[in-house]
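Breakdown of the fold
Residue-level listing of the chains:
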Amino acid sequence: MSEGEQDPLSGAAGGWEAPKFPLLMPDRICEFKISKSTVAKTKDDENRDALTLVCKTEHDYTGADGKPLRSGFTVYKRIGITPSEEKEDKRARTWKNIGEDLAMVLKATGKTDNTPRDLISNPGMVEGIIVKCKVGISKGTNNFPDSNTLTFVLPA
């Protein structure tokens, strides 16, 4: 920085906007490698667990803003694995719902002989596998920005 130039980082934090993260263009089918798969407590509720799949694009794709996103762009797929009762604003989550969601992961990764319980017990079993997913965009909630959603496209 030269003399007399104002430091661009000297403004008070209250005047800064939240960062905007790029998103993949929705309604497209993209290939992803599952680079990491874990089961852990959710950020919102310590009584709830989720399977989190870290999915990285296998090719360059277009972002929702029309700009390129390079191979390796990361999208998270989270699947709640704790049953819950119906509430005013949310449907109940049953073992049947959880099993169906986990079965889609297993089918998409070619692990059709495994069970949803196998996946919960050994989430790493799907790491390194390439899957096809239809990309969507979910509106942000609770101070979280918009994010991409992934729906598995099952092999024929």
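This text follows the structure it describes.
Residues numbered from 1 in each chain as written. Predicted model: local features only at pLDDT ≥ 70, side-chain atom pairs only at ≥ 80, totals over all residues. Heavy atoms only, no water.

1. Side note on the overall build of the chain
Assigned secondary structure in the chain consists of two helices and seven strands. Along the chain direction, N to C, the helices and strands of the chain fall in the order β-β-β-β-β-α-α-β-β. A compact globule built from 156 residues would reach a C-alpha radius of gyration of about 15 Å, whereas the chain, at 19 Å, exceeds it by more than 25%. The C-alpha extent of the chain, read off along each of the three principal axes, is 65 × 40 × 25 Å. Considering the chain as a whole, with its 156 residues, one finds that 27% of them fall into the buried category. Within the chain, residue pairs in contact and separated by at least 24 positions form 49% of the contacts whose partners lie at least 6 positions apart. Counting 23 positive and 23 negative side-chain charges, the chain places the centres of these two groups 6 Å from one another. (Helix = DSSP H or I, 4+ residues; strand = E, 2+ residues; numbered from the N terminus. Rg over C-alpha atoms; globule rule 2.2 N^0.38 Å. Buried < 20%, exposed > 50% of the residue type's maximum accessible area, 1.4 Å probe, protein only. Contact = heavy atoms within 4.5 Å. Lys, Arg positive; Asp, Glu negative; His and termini not counted. Charge placed at Lys NZ, Arg CZ, Asp CG, Glu CD.)

2. Topic: the side chain of T82
Locating T82 in the fold gives a position in the loop between β5 (74-80) and α1 (95-108). A relative accessible area of 15% means that T82 is categorised as buried. Within the structure, the side chain of T82 is placed 2.7 Å from the backbone nitrogen of D49, a separation counted as a polar contact. With residues near it in sequence (within four places) discarded, T82 still touches N47, R48, D49, R93 and I98. (Polar contact = N/O pair within 3.5 Å; in protein donor to acceptor, adjacent residues only side chain to side chain.)

3. Some remarks on the sheet that holds strand β6 (residues 130-138)
What the five strands build is an open sheet, ordered β5-β2-β1-β6-β7; its pairing is antiparallel. The open sheet has two edge strands, β5 and β7 (147-153), and neither has a second partner. Between one strand axis and the next, the sheet turns by 45 degrees as a mean value, whatever way the strands run. Two strands pair when backbone bridges link them, and strand β1 (residues 29-41) and β6 are joined in this way by five bridges, in the antiparallel orientation. (Pairing = 2+ DSSP bridges. Axes fitted to C-alpha atoms, helices over the stretch in contact; angles between N-to-C directions.)

4. Details of α1
In this model, α1 (14 residues) spans 20 Å end to end at C-alpha, consistent with the 20 Å of a helix rising 1.5 Å per residue. As for α1, its buried residues are in contact with β2 (49-57), β5, α2 (116-121), β6 and β7. (Expected span 1.5 Å × (residues − 1).)

5. Some words on unusual backbone geometry
With phi around 60 degrees, D27 is a residue other than glycine that occupies positive phi space. With respect to the element layout, D27 can be found in the segment before β1. Taking relative accessible area as the criterion, D27 reaches 62% and is therefore assigned exposed.

6. Digging into the nonpolar core
Residues L24, F32, L53, L102, L119 and V131 are the most contacted members of the largest nonpolar core, which totals 28 residues. Residue assignment for this core shows that the elements contributing at least two residues are β1, β2, β5, α1, α2, β6 and β7. Ignoring anything within four residues of it in the chain, the contact list for L53 reads I34, K36, S37, V75, Y76, K77, V105, V126 and F152. (Core = buried A, V, L, I, M, F, W, Y, C linked by side-chain atoms within 4.5 Å.)

7. A short note on the environment of E3
Mapped onto the elements, E3 comes out in the segment before β1. The sequence separation of E3 and N97 amounts to 94 residues, and the corresponding C-alpha distance is 62 Å.

8. Overview of the pattern of salt bridges
Taken as a whole and assessed by the stated rule, the structure comprises five salt bridges. With a closest N to O distance of 2.7 Å, R93 and D101 form a salt bridge. Put simply, K96 and E100 hold a salt bridge, and the shortest N to O gap is 2.5 Å. One end of the pair is K96 and the other is E100, both in helix α1 and four residues apart, which spans about a single turn. The class for K96 is exposed, based on a relative accessible area of 60%. Accessibility expressed as a relative area gives 37% for E100, which makes it partly exposed. (Salt bridge = Lys/Arg side-chain N within 4 Å of Asp/Glu carboxyl O.)

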